[in-house]
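Below, each chain spelled out in residue letters.
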Amino acid sequence: MTERVRDANEDELLRRIFPLLPVGGSTQVGPGDDAAIVAASDGRFLVSSDVLVENRHFRTRWSSGADVGHRAAAQNFADIAAMGGRPTALVISLVIPGDTPVDWVEDLARGLAEACKPVRAGVVGGDLASGETIIVNVTVHGTLDWRQPVLRAGARPGDVVAHAGTRGWSAAGLALLDSGLIRPTHQHPLVRAYLRPDPPLEAGRLAARAGATAMLDVSDGLLRDAGRIALASDVRLDLEEDAFADDRRALSDAALVVAQAALRAGGAGDLVGDIGQAEAANRLMNQWIWAGGEDHGLLATFPEDVALPEGWTRIGRVHPPGKAAPRVTIGGRRPVVASGWDHFGG
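Quick notes on the rules
- Residues numbered from 1 in each chain as written.
- Predicted model: local features only at pLDDT ≥ 70, side-chain atom pairs only at ≥ 80, totals over all residues.
- Heavy atoms only, no water.
- Pairing = 2+ DSSP bridges.
- Helix = DSSP H or I, 4+ residues; strand = E, 2+ residues; numbered from the N terminus.
- Axes fitted to C-alpha atoms, helices over the stretch in contact; angles between N-to-C directions.
- Contact = heavy atoms within 4.5 Å.
- Polar contact = N/O pair within 3.5 Å; in protein donor to acceptor, adjacent residues only side chain to side chain.
- UniProt positions renumbered as here; feature names shortened; annotations may be inferred.
- Buried < 20%, exposed > 50% of the residue type's maximum accessible area, 1.4 Å probe, protein only.
- Parallel < 35°, antiparallel > 145°, perpendicular 65-115°, else oblique.
- Left-handed = near helix turned anticlockwise from the far one by under 90°.
- Nonpolar A, V, L, I, M, F, W, Y, C, P; charged D, E, K, R; others polar.
- Patch = residues over 30% accessible without salt bridge, like charges linked within 9 Å, V, L, I, M, F, W, Y side chains within 5 Å.
- Areas by Shrake-Rupley, 256 points an atom, 1.4 Å probe, with all protein chains shown as cover.
- Salt bridge = Lys/Arg side-chain N within 4 Å of Asp/Glu carboxyl O.
- Lys, Arg positive; Asp, Glu negative; His and termini not counted.
- Charge placed at Lys NZ, Arg CZ, Asp CG, Glu CD.
- Expected span 1.5 Å × (residues − 1).
- pLDDT = per-residue confidence, 0-100.
- Phe/Tyr/Trp six-rings, centres within 6.5 Å; stacked < 30°, edge-to-face > 60°.

J.: Looking at this structure, I do not really get the sheet that holds strand E4 (residues 86-96). What am I missing?
T.: In a beta sheet, neighbouring strands pair by backbone hydrogen bonds and run either parallel or antiparallel. An order of E3-E6-E4-E5 is seen for the four strands of this open sheet, with the pairing classed as mixed. If you trace the sheet from one side to the other, it starts and ends with strand E3 (46-53) and strand E5 (122-130), each paired once. On average, adjacent strands in this sheet sit at an angle of 15° to one another, irrespective of strand direction. Sitting on the sheet, helix H2 (residues 65-81) touches E3, E4 and strand E6 (135-143), and the angle it makes with E3 is about 145°.

J.: I keep staring at the side chain of His70 and nothing clicks. Help me out?
T.: Here His70 is to be found in helix H2. Looking at His70, its side chain comes within polar contact range of the side chain of Glu114, at 3.3 Å. Among residues more than four places away in sequence, those in contact with His70 are Gly111, Leu112, Glu114, Ala115, Arg196 and Pro197.

J.: Explain the UniProt feature "binding site: Mg(2+) 3" (unreviewed entry) in the protein chain to me, please; I cannot follow it from the model alone.
T.: Taking the numbering used here, the UniProt-annotated feature "binding site: Mg(2+) 3" (unreviewed entry) corresponds to Asp34, Asp79 and Asp217. With a sequence span of 184 residues, these residues are also far apart in the fold, their greatest C-alpha distance being 31.7 Å. Mapped onto the fold, Asp79 is located in helix H2. What makes Asp79 partly exposed here is its relative accessible area of 22%.

J.: I keep staring at the packing of helix H1 (residues 10-17) against helix H3 (residues 102-116) and nothing clicks. Help me out?
T.: When two helices pack together, their arrangement is captured by the angle between the axes and the distance separating the axes. Between H1 and H3, whose axes approach to 9 Å, the crossing angle comes to 45°. In terms of their interaxial angle, H1 and H3 are classed as oblique. The way H1 lies across H3 gives a crossing that is right-handed. Residues Leu13, Arg16 and Ile17 of H1 touch H3, and the partners they reach there are Val102, Val105, Glu106 and Ala109. When the residues that make up the contact of H1 with H3 are grouped by side-chain class, the tally is five nonpolar, no polar and two charged.

J.: Any chance you could explain the pairing of strand E7 (residues 160-164) here in plain terms?
T.: Remark: a regular strand shows side chains that alternate across the two faces of the sheet. Burial runs high along E7: five of the five residues are buried. Of the strand pairs in this sheet, E7 and strand E10 (residues 297-302) are connected by five bridges, and their pairing is antiparallel. Considered in E10, the bridge of Ala162 is made with Ala300. Bridge count for E7 against strand E11 (residues 312-319) is five bridges, and the pairing is antiparallel.

J.: Help me out: how do you make sense of a negative patch on the surface in this one?
T.: On the surface, Glu10, Asp11, Glu12 and Asp127 cluster together to form a negatively charged patch. For the negative patch, the element with the most residues is H1, which contributes three residues. The residue Asp127 is located in strand E5 in this model. According to the relative accessible area criterion, Asp127 is partly exposed, its value standing at 44%.

J.: Looking at this model, I keep getting lost on the sheet that holds strand E12 (residues 328-330). Mind explaining?
T.: Read from one edge of the open sheet, six strands run E8-E10-E7-E11-E9-E12, paired in mixed fashion. Strand pairing shows two members of the sheet lacking a second neighbour, strand E8 (214-218) and E12, which therefore form its edges. Direction aside, neighbouring strands of the sheet carry axes that sit 25° apart on average. Across the face of the sheet, helix H7 (residues 222-233) comes into contact with E7, E8, strand E9 (236-239), E10, E11 and E12 while running at roughly 155° to E8.

J.: So what exactly am I meant to see when it comes to the environment of Val5 here?
T.: Take Val5: it is sitting in the segment before H1. Taking the C-alpha atoms as reference, Val5 lies 48 Å from Gly154; in sequence the two are 149 residues apart. Ignoring anything within four residues of it in the chain, the contact list for Val5 reads Leu13, Ile96, Pro97, Gly98, Thr100, Pro101, Val102 and Val105.

J.: Even after reading the chapter, I still don't get the environment of Gly322, so can you show me in this structure?
T.: If you trace the backbone, Gly322 turns up in the loop between E11 and E12. Among the residues examined, Gly322 registers a relative accessible area of 34% and is labelled partly exposed. Separated by 293 residues in sequence, Gly322 and Val29 have C-alpha atoms that sit 52 Å apart.

J.: Would you explain H2 in this entry?
T.: Note that an α-helix has 3.6 residues per turn; residues three or four places apart therefore point the same way. Look at H2: 24 Å from first C-alpha to last across 17 residues, which is about the 24 Å you get at 1.5 Å a residue. The element H2 is largely enclosed, with a buried count of 16 among its 17 residues.

J.: I would appreciate a short explanation of the confidence of the model for the protein chain in the present structure.
T.: Detailed reading of the predicted coordinates is not advisable wherever pLDDT is low. In this model, the protein chain carries a mean pLDDT of 91, and residues with pLDDT of at least 70 account for 94%. Below a pLDDT of 50 lies the segment residues 268-273, which in the model reaches 13 contacts outside its immediate sequence neighbourhood of four places, other chains included.

J.: Whenever I open this one, the packing of aromatic side chains confuses me. Can you help?
T.: Two aromatic rings, taken as a pair, are described by how far apart their centres are and by the angle between their planes. Taken as a whole and assessed by the stated rule, the structure comprises three aromatic pairs. On the numbers, 6.3 Å between centres and 80° between planes, the contact of Trp62 with Tyr194 is edge-to-face. Linking Trp62 in the loop between E3 and H2 with Tyr194 in helix H5 (residues 189-195), this pair joins segments that are 132 residues apart in sequence. The buried category is assigned to Trp62, whose relative accessible area is 8%. Judged by its relative accessible area of 3%, Tyr194 falls in the buried class. Each ring, one from Phe244 and one from Trp290, has its centre 5.6 Å from the other, and the planes form 80°; the classification is edge-to-face. One end of the pair, Phe244, is in the loop between E9 and helix H8 (245-264); the other, Trp290, is in helix H9 (residues 277-291), with 46 residues separating them in the sequence.

If you want it as structure tokens, here you go:
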């Protein structure tokens with residue numbers, strides 16, 4: 001018989017979870033006391049928070065507990081990397097329905113440990129509560145290691161816009177799963193990108209060392225997040241139409257099969273309609289690349305005379321703001337795809 005969360009009290013469940021959680025290189029006092037103690041060697045610490053809600057950010061029929069744990073850690077680590085920092089500790093608050101298998105919760109802890117191990121971050125505490133749906137709230141701490149942070153507000157006209165990581169892969173993986181065209185599997189690179197994002201964490205530190213003037217984590221779509229740098233810096237970002245040729249090659253087969261499925265089903269709104277499958281696939285790729293969320297790559301601006309660090313690719317340039325021009329353009333023109341994914345409104 002499958003053991004359910006309702007069959008164990010909070011202390012029993014914590015005793016099952018604690019041995020599975022990573023300690024971390026900066027942890028001085030971990031879970032078990034009223035508060036943890038984490039070293040902050042340069043006298044400052046970075047802090048960010050994010051939440052995963054079942055059936056909005058993940059679905060248990062697709063995502064194992066380990067998948068959700070890995071994603072919860074990885075997307076928070078990306079926020080620290082986007083400041084040029086290094087993650088040190090996580091605090092996890094978990095809301096779980098009583099019929100959730102205890103094995104799923106233990107698997108969540110294993111996924112957290114797997115994501116934390118390469119960066120030597122620890123899970124240092126949190127809270128458990130019962131509820132009607134699974135909610136994983138994560139607060140991440142990090143360190144700048146005596147460097148200055150890279151903010152969103154530093155981009156200057158003449159700077160180069162660059163990107164690190166993949167574009168559109170997570171959105172494509174979600175589309176494949178949502179369409180029923182593929183079963184959840186880590187063997188398919190696009191599906192894995194959705195289930196277990198792999199942010200380019202070291203690229204953030206390399207960018208900071210190289211003199212990046214602005215940077216952020218691309219979680220809500222490239223256009224939406226580029227607009228956040230543009231607004232904070234009071235500039236315009238012009239992105240290159242052909243900047244993601246490698247990603248397009250990786251996405252092309254998935255876009256074609258998703259488009260074919262949509263056309264067979266009678267279309268899917270403006271993306272397919274009465275157009276042919278090749279054009280439908282191209283529109284899907286554009287949507288995934290420019291507006292797809294949750295790849296957790298990094299977007300940054302660099303002075304023109306700086307050599308881009310390893311892992312970074314030039315994708316555009318920073319311009320002064322125009323009176324009537326949008327904050328972000330593609331090839332000098334207003335984008336024709338949706339601006340991105342909103343965590344609150346969809």
